[in-house]
Amino acid sequence: MLYDDTYQDEENKYKLEARQSYILRDYPEYVTFTTPDPVKLPVPSPTYLAIHAACAKVAHLSGVAKCINELYRDMEDGTTLDPDSTSAEMLEYAIL
């Protein structure tokens, strides 16, 4: 999860956060978005990143994050479809 680290005086600099600290152990504490062409390739909107962070917090607190993580894990682990069509829902979400 990213949040705007406004006290740092650096534009587009964000602090990485996660509920479980081990998730981010291989990542830097801060990330700064840059772009070679601000017109054609703008950096992510701070407003949209804040909305995403808020949605992630709500999903985590409501327990939905666990279901989403299980679905993603199933998609990564699944290499074939079940012949009895029990994997149809997973395929549908993977396509979306």
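## A look at the overall build of the protein chain
Of the regular secondary structure elements, the protein chain holds three helices and three strands. Traced from its N-terminal end to its C-terminal end, the protein chain shows the element sequence β-β-β-α-α-α. The burial tally for the protein chain puts 12% of its 96 residues in the buried class. Residue pairs at least 24 apart in sequence account for 23% of intrachain contacts in the protein chain once pairs closer than 6 positions are excluded. When the accessible area of the protein chain is evaluated, it comes to approximately 7900 Å², of which 56% is carbon and sulfur surface.

## Points about the pattern of salt bridges
Counting across every chain of the model gives two salt bridges. With a shortest N-O distance of 3.5 Å, Lys13 and Glu10 are connected by a salt bridge. Glu10 sits in the partly exposed class, given a relative accessible area of 41%. For the salt bridge of Glu29 with Lys15, the shortest nitrogen-to-oxygen distance reads 3.3 Å. Of the two residues, Glu29 sits in the loop between strand E2 (13–16) and strand E3 (30–32) while Lys15 sits in strand E2, which places them 14 residues apart along the sequence. Judged by relative accessible area, Glu29 falls into the partly exposed class, the value being 47%.

## With respect to the environment of Tyr27
Structurally, the position occupied by Tyr27 is in the loop between E2 and E3. Given a relative accessible area of 55%, Tyr27 falls into the exposed group.

## Some details on the confidence of the model for the protein chain
Averaged over all residues, the pLDDT of the protein chain is 79; the fraction at 70 or higher stands at 73%. Of all helices and strands in the protein chain, the one with the weakest mean pLDDT is strand E1 (residues 2–4) (53), whereas E3 scores best (92).

## Some thoughts on a nonpolar patch on the surface
Together, Val64, Ile68 and Tyr72 make up a nonpolar patch on the protein surface, roughly 260 Å² of accessible area in all. Turning to its location among the elements, Ile68 is positioned in helix H2 (residues 64–77). Given the relative accessible area of 36%, Ile68 is considered partly exposed.

## Side note on the packing of aromatic side chains
By convention here, two paired aromatic rings are described through the distance between centres and the angle between planes. Under the criterion given, the structure shown has one aromatic pair. When the centroid spacing of 5.7 Å and the interplanar angle of 55 degrees are considered together, the rings of Tyr14 and Phe33 count as tilted. Of the two residues, Tyr14 is situated in strand E2 and Phe33 in the loop between E3 and helix H1 (46–62); the sequence distance between them amounts to 19 residues. Against the face of Tyr30 rests Lys13, its NZ or CZ located 4.6 Å from the ring centre.

Procedures and definitions
- Residues numbered from 1 in each chain as written.
- Predicted model: local features only at pLDDT ≥ 70, side-chain atom pairs only at ≥ 80, totals over all residues.
- Heavy atoms only, no water.
- Helix = DSSP H or I, 4+ residues; strand = E, 2+ residues; numbered from the N terminus.
- Buried < 20%, exposed > 50% of the residue type's maximum accessible area, 1.4 Å probe, protein only.
- Contact = heavy atoms within 4.5 Å.
- Areas by Shrake-Rupley, 256 points an atom, 1.4 Å probe, with all protein chains shown as cover.
- Salt bridge = Lys/Arg side-chain N within 4 Å of Asp/Glu carboxyl O.
- pLDDT = per-residue confidence, 0-100.
- Patch = residues over 30% accessible without salt bridge, like charges linked within 9 Å, V, L, I, M, F, W, Y side chains within 5 Å.
- Phe/Tyr/Trp six-rings, centres within 6.5 Å; stacked < 30°, edge-to-face > 60°.
- Lys NZ or Arg CZ within 6 Å of the ring centre and 35° of its normal.

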